[in-house]
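# Chain and residue survey
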Amino acid sequence: MASAEVDSFHTRILRLTLAVQESRAYWEAVDPEVRGPARVERAFSERWFGNKSLARVKLLLANFAVRFDAYPDALAALRRWRPADPGTRPLLCHWHMQLADPLYRAFTGDWLPARLVDGRKEFDADAVARWVGARPDADWAPATRYGFATKLTRAAAEAGLVSTGKAPRSALLPRVPDEALGYLVRLLQVVTHTGGWEDNPYLRSVGLTHDAVDARLRRLPDVTYRRMGSLVELNASPLGALG
């Protein structure tokens, strides 16, 4: 069965945002065959995450299992691939967070891009909290909505999609290296996801839709991309070929 993006809403982002450096440490150290308490013991004793407490190590491992282990082909590539561009890793973490968290996926793939299109790139926590409260089945207390607003904004800032510093924040479009886009293309080939090749929340979140997608995909190495009207043909070497 193919891996798929997560559809059920949850609150994991309230306890952990993008965690780029910890994600990298995880990719380099994890053995997918070692699970449960044995993995926790190894991560803690080998200091995968530096001097983090045991409780924090457990939290990191639980979240990374959902973000990365759930997509075994991708995790296999991440364990051995060393991207050359420093801007690639935050985007990899961002796309995996989108896969694992439907609220973050909607925030970064729909709400932020819509504001950029409308020329309303500045926003504050109140605006995000109102949006969270308007989500279907969002029966969270006001304090929880503001918690989501803070963490969603922080995670997006770590990915380069939102400005840092004091409010108001600004929605941004990050630089997307070819190697990062090549990873996403291969990832979406093996994951059941929302949208098609011309328009999906993963590409929208970094400002790549329609003609912009066409131009970038046509020049990617080891990717064959053709479009005729609404028909799209895309073939790429597998994730295992990265590096």
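Residues numbered from 1 in each chain as written. Predicted model: local features only at pLDDT ≥ 70, side-chain atom pairs only at ≥ 80, totals over all residues. Heavy atoms only, no water.

Turning to the nonpolar core, a few remarks are in order. Judged by nonpolar contacts, the single largest core of 77 residues is most densely connected at Tyr26, Phe49, Trp95, Tyr104, Leu112, Leu152 and Tyr183. Looking at this core, the element that brings in the most residues is helix α9 (residues 178–189), giving 7 residues. (Core = buried A, V, L, I, M, F, W, Y, C linked by side-chain atoms within 4.5 Å. Buried < 20%, exposed > 50% of the residue type's maximum accessible area, 1.4 Å probe, protein only. Helix = DSSP H or I, 4+ residues; strand = E, 2+ residues; numbered from the N terminus.)

To continue, consider the pattern of salt bridges. Applying the stated criterion to the full structure yields 13 salt bridges. Across the pair Lys52 and Glu22 runs a salt bridge, and its minimum N-O distance is 3.7 Å. Of this pair, Lys52 sits in the loop between α2 (36–45) and α3 (54–69) while Glu22 is found in helix α1 (residues 20–29), placing the two residues 30 residues apart along the sequence. Residue classification places Lys52 among the partly exposed residues on the basis of a relative accessible area of 29%. For Glu233, the salt bridge is made with Arg226, and the minimal N-O distance between the two is 3.3 Å. (Salt bridge = Lys/Arg side-chain N within 4 Å of Asp/Glu carboxyl O.)

Here we come to the packing of aromatic side chains. Counted by the stated rule, this structure contains 13 aromatic pairs. With centroids separated by 5.4 Å and ring planes inclined at 80°, the aromatic side chains of Trp111 and Phe123 adopt a geometry described as edge-to-face. Residue Trp111 is located in helix α6 (residues 102–117), and its partner Phe123 is located in strand β2 (residues 122–123); the two are separated by 12 residues in the primary sequence. A relative accessible area of 13% means that Trp111 is categorised as buried. (Phe/Tyr/Trp six-rings, centres within 6.5 Å; stacked < 30°, edge-to-face > 60°.)

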